[in-house]
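# Survey of secondary and tertiary structure
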Amino acid sequence: MEILQSIIPTALFFSAPLIFTALGGVFSERSGVINIGLEGLMIMGAFVGIVFNLTFADVFGDWTPWVSIFVAMIVSGIFSIIHAVASVSLRANQVVSGVAINMLALGIGIFLTKEWYGKGQTEMVSKPFYTTDVPFLSDIPVIGPMFFQSMYMTTYLAIFLAIASWFVLFKTPFGLRLRAVGEHPMAADTNGVNVYKMRYIAVILSGALGGLGGSVYALTIASNFSHATIAGQGFMSLAAVIFGKWHPLGAMGAAIFFGLAQSLSVVSSSVPLLQDVPQVFLLVAPYVLTILALAGLIGRADAPKANGIPYIKGTR
Amino acid sequence: MKKRFLLLVMLLTLGLIVAACGNNDDNNAADGNDNGTDTEQNGNDNASGNDEGEAGGDTDYTVAMVTDVGGVDDKSFNQSAWEGITAWGEEHGLAKGEGFDYLQSNTDADYIPNLQQLARADFDLIYGIGFKLEKGIADIAKQFPDKHFGIVDSVVDADNVVSIGFADNESSFLVGVAAALKTNTNKIGFIGGMESDIIEAFEVGFRAGAMSVNPDIDIKVQYAGGFDKADEGKLIASSMYNEDRDVIFHAAGGTGNGLFNQAKDLKKNDPDREIWAIGVDRDQHEEGKIDDHNITLTSAVKRVDNAVHEVSNMAMDGNFPGGEILKFDLKSEGVGYTTTNEDAMTQDIIDEVESWKEKIISGEIEVPSKYDGLEEYEESL
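Counting starts from 1 at the beginning of each chain's written sequence and moves along it residue by residue. Written order decides the labels, with chains lettered from A and ligands numbered from 1. Thresholds applied to this predicted model are a pLDDT of at least 70 for local features of residues and 80 or more for the giving and counting of side-chain atom pairs; totals over whole chains, interfaces and linings are not thresholded and use all residues.

What follows is about the overall build of chain B. Secondary structure elements follow DSSP: runs of H or I no shorter than four residues count as helices, runs of E no shorter than two count as strands, and numbering proceeds from the N terminus. Helix and strand counts for chain B stand at 13 helices and 15 strands. The burial criterion counts other C-beta atoms lying within 10 Å of a residue's C-beta, which is placed from the backbone; the residue is buried at 20 or more, exposed at 12 or fewer, and partly exposed between these limits. Within chain B, buried positions represent 61% of all 381 residues. Each residue is represented by a C-beta atom placed from its backbone, and any two residues with such atoms within 7 Å are regarded as in contact. For chain B, restricting intrachain contacts to residue pairs at least 6 apart in sequence, the fraction spanning at least 24 positions comes to 74%.

Written out as structure tokens, the structure reads:
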């Protein structure tokens, strides 16, 4: 039980940025636009979040981190329009465009960091997120320490957004259209859905959520921005999208699974049974578990049918 | 079709250009790959022989350095090396541009042209700061056999190149002593970047130091598997602090950010809790600030400035140690620990650490740098 109490809270803070970003991936891919650029969108989010936080810490006081992630969300949303223009309007190869986003974001982030701060990494922010105990709920025995003590509020926001995304995608007309555009754009078009508009919205949403993920990562874990702040989290999120079968709640579950595996690999060194296992095995365990899960446990992962195919009006 | 292709090409090109302009700062965050803990790269020091120079001061010997992409104000190796050269120059009445100078590398492609430019400009001794310049120094040293070169934190085998290294195990030993004195729970931790010879020296030194003060101390060692994994660092730190380990030393570059982040978060929520982090390579005091407290106990530092300064003097006096691998240790003030956090590093602790420092300098104890040596050391306690 004590092990669970130490694994779950750490797993959740580890997972939160992945959940946000994976949700972004779900929106984009559900509309038929592959988004390899999640990593770049996270980098953009982390960069904007850190710079905004450093610059405006005095203005916004304790609200700085919240305002920072909001601004990061907007800027990354705007940034992702590049991907939308290239892959929706200009019908470019979506994978290549996504890779370009990754390179561009890192380049911009580091270039501006050097221009503005004169060095390769920023200072540590003075106003990151801090953990808090949830009033009342944290006093519940057993469950309290696991889910409500020393938690980042952003973790709850991530879970909330996952549920909200599920609702939007599966319970609203907007969601139905978005999914239709990703499955069979011509049918959707015939029924009066503006395919391009829907895809633009989806990509911009994925940019905003990716930026949110990146800035939350930066402000809860890294505390500064450098070329290595975001190193692979975007791709882990992408894996979570596929692992979660392009479903918001599935993606959230996959992200939390990654967090649990990662956390277990760290904590296991103090668990009697696992203590004697060489550390290298524990370090690779999360990835092995992921491969096993992808290969056998979840069955076929069916992508949205029109995923990756640019829609050209009038073609069959 | 054409249009699409063109756009992609343009996007990619733009990305490449911007990336090329910016990438330089790699050195700060995670150079770890080869130097494990070095968040930044070290430079090379080159001490070159005494040729004639045209400077004004009491010497005609001239010294220059090429930074790696971190830039001269990187708060780490490059800056430290430049401070060393500046101090050396001022000591001998020289001024920047006349007697000593530096060239900044903005991309990895700048190393060789920069080194060439300085060599042609008749500087006698040219340092390359950081392992990234290893190849550049090796090439240029061959082209200019009468010039003297130096490389920091790496090894170049040539008669006119001196390789400068640091005894990280000794500084780690001292912060290990400090950690063992500071802990209230007798449980401390070490976070490594990746398992390698360099990080092994940090780990072994730290453990030896802590055991010297308290043979029964419980030290937990965990490796994050990378120097850019702040999230992993934070997970490990969180788990160690949960086990009541109250002092944690990291030799993990950017991964260490997670340690500072976690320590500050705990301190923020419970200002009375006594937890500490120990920094590496440079004074990480700034990173530890939280409200009115500071959780950075001390840092195990590399004094690139001292190393550069000393090698420059040797070279000026005609004793350029070409072809040698110099190891800067406590004795030569090439490594050390910091006492910036005066509230945490009390006089008692400093006195005790100093007494161990003297024992190391006098050769009374030899700090191990390998696991084998650690076992022997433990038995000798």
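Take the overall build of chain A next. The number of helices and strands found in chain A is 13 helices and zero strands. Reading the secondary structure of chain A in the N-to-C direction produces α-α-α-α-α-α-α-α-α-α-α-α-α. Here the globule rule is a power law, 2.2 Å times the number of residues to the power 0.38, and the radius of gyration is based on C-alpha atoms. For 316 residues, the compact-globule estimate of 2.2 N^0.38 gives 20 Å, and chain A sits close to it at 20 Å. Each of the three principal axes of chain A carries a C-alpha extent, and together these read 65 × 50 × 40 Å.

Turning to the pairing of strand β3 (residues 99–103) of chain B, a few remarks are in order. Residues and elements named next belong to chain B. Of all five residues making up β3, four are buried, and the element is well covered by its neighbours. Note: two strands are recorded as paired if DSSP finds a minimum of 2 bridges between them. When strand β1 (residues 63–66) meets β3, the two strands line up parallel, connected through four bridges. Along β3, the bridge assignment pairs M65 with Y102. Pairing of strand β2 (residues 95–96) with β3, which is carried by two bridges, proceeds in the parallel orientation. Its bridge partner being in β3, K96 is matched across the sheet by F100.

Once that is clear, we can look at the nonpolar core. Working definition: the nonpolar core is a set of buried Ala, Val, Leu, Ile, Met, Phe, Trp, Tyr and Cys residues, joined through C-beta atoms within 7 Å. Core analysis: the biggest nonpolar cluster contains 203 residues, and A240 of chain A together with I126 of chain B have the highest contact counts within it. The dominant element in this core, judged by the number of residues it contributes, is helix α10 (residues 195–222) of chain A, at 15 residues. Looking at which domains feed residues into this core, each of domain 1 (35–166 + 304–328) and domain 2 (168–301 + 346–380) of chain B gives three or more. Setting aside anything within four residues of it in sequence, one finds A240 of chain A in contact with L18, A22, A251, A254, A255 and F258 of chain A. In this document the domain limits rely on a domain assignment from an automatic tool or a database.

Attention shifts here to the sheet that holds β1 of chain B. Residues and elements named next belong to chain B. Read from one edge to the other, the open sheet built from seven strands follows the order β2-β3-β1-β4-β5-β6-β14, with strand pairing classed as parallel. The sheet is open, and its two edges are formed by β2 and β14 (325–328), each paired on a single side. Every axis corresponds to a line fitted to the C-alpha atoms, with the helix fit spanning only the stretch in contact, and the corresponding angles, defined between N-to-C directions, vary from 0 to 180 degrees. With respect to the sheet, helix α4 (residues 77–91) is in contact with β1, β3, β4 (125–128) and β5 (148–152), its orientation differing from that of β1 by roughly 170 degrees. In this fold helix α5 (residues 111–120) packs onto β1, β3 and β4, with an angle of close to 170 degrees to the strand it touches most, β1.

As a further point, take the sheet that holds strand β15 (residues 335–337) of chain B. Residues and elements named next belong to chain B. Here six strands make up an open sheet; going across it, the order is β8-β7-β9-β10-β13-β15 and the pairing mixed. A single partner strand is all that each edge strand has here, and the edge strands are β8 (218–223) and β15. Geometrically, the sheet is characterised by an average inter-axis angle of 15 degrees between neighbouring strands, direction not taken into account. Pairing analysis gives six bridges linking strand β7 (residues 187–192) to β8, with the strands arranged parallel. Within β8, the residue paired with F190 across the bridge is V221.

With that settled, the discussion passes to the packing of helix α7 (residues 168–182) of chain B against helix α12 (residues 347–362) of chain B. When two helices pack together, their arrangement is given by the angle between their axes and by how far apart the axes lie. Residues and elements named next belong to chain B. Two elements in contact, α7 and α12, have axes whose closest approach is 10 Å; the angle formed by their N-to-C orientations is 150 degrees. When you trace α7 past α12, the crossing you get is right-handed. Taken together, the residues of α12 that come into contact with α7 (itself represented by E170, F173, L174, V177, A178, L181 and K182) are I349, E352, V353, W356, K357 and I360. Ten residues, namely Ala, Val, Leu, Ile, Met, Phe, Trp, Tyr, Cys and Pro, are considered nonpolar, four, namely Asp, Glu, Lys and Arg, are considered charged, and the remaining ones, Gly among them, are considered polar. In the contact of α7 with α12, the residues fall into nine nonpolar, no polar and four charged. Crossing handedness: left-handed means the near helix sits turned counterclockwise from the far one by under a right angle, and right-handed means the same turn made clockwise.

Let us look at the domain arrangement of chain B. As assigned here, chain B comprises domain 1 (35–166 + 304–328) and domain 2 (168–301 + 346–380). Inter-centroid distance (C-alpha atoms) of domain 1 of chain B to domain 2 of chain B is 31 Å.

Because an α-helix completes one turn every 3.6 residues, residues spaced three or four positions apart along the sequence face the same direction. Residue and element names in this part refer to chain A. Taking 1.5 Å per residue, 16 residues should reach 22 Å; helix α3 (residues 64–79) reaches 22 Å between its end C-alpha atoms and fits that length. Among the residues of α3, T64, P65, S68, I69, A72, M73, V75, S76, G77 and F79 are the ones counted as buried. Tucked into the core, α3 has its buried residues touching α2 (38–60), α4 (81–89) and α10. Every helix has an expected span of 1.5 Å times one less than the residues it contains.

The subject of this paragraph is the pairing of β1 of chain B. All names here are of chain B. Because side chains alternate across β1, one face comprises the buried residues V63 and M65, and the other comprises A64 and V66, equally buried. Sheet analysis places β1 next to β4, joined by four bridges and oriented parallel. Pairing of V63 across the sheet is with L125, part of β4.

The backbone of S223 of chain A sits at a positive phi, close to 70 degrees, despite the residue not being glycine. Residue position: S223 of chain A is located in the loop between α10 and α11 (233–243). Residue S223 of chain A is classed as buried on the basis of its C-beta count, with 26 C-beta atoms lying within 10 Å. Positioned with a positive phi, D281 of chain B is a non-glycine residue whose angle comes to about 70 degrees. Its place among the elements puts D281 of chain B in strand β10 (residues 276–281).

Counted at 1.5 Å a residue, the expected span for helix α5 (residues 94–117) of chain A with its 24 residues is 34 Å, and the 34 Å between its end C-alpha atoms agrees. The positive-phi residue at the C-terminal boundary of α5 of chain A is G118 of chain A, with phi of around 70 degrees.

Residue and element names in this part refer to chain A. Note that G259 resides in helix α12 (residues 248–267). Taking the C-alpha atoms as reference, G259 lies 34 Å from V85; in sequence the two are 174 residues apart. If we skip the residues at most four places from it in the chain, G259 touches A11, L12, F14 and S15.

Residues and elements named next belong to chain B. Structurally, R303 can be placed in the loop between β13 (296–302) and α11 (304–316). For the pair R303 and E333, spaced 30 residues apart in sequence, the C-alpha to C-alpha distance is 6.9 Å. Excluding residues that lie within four positions of it along the chain, R303 makes contacts with E333, G334, V335 and G336.

Parts of the model with low pLDDT should not have their predicted coordinates read in detail. pLDDT expresses how confident the predictor is about each individual residue, on a scale running from 0 to 100. Taken as a whole, chain B shows an average pLDDT of 84; of its residues, 84% reach a score of 70 or greater. Counting contacts from residues 22–55 of chain B, a segment whose pLDDT is below 50, to residues more than four positions away or on other chains yields 201 contacts.

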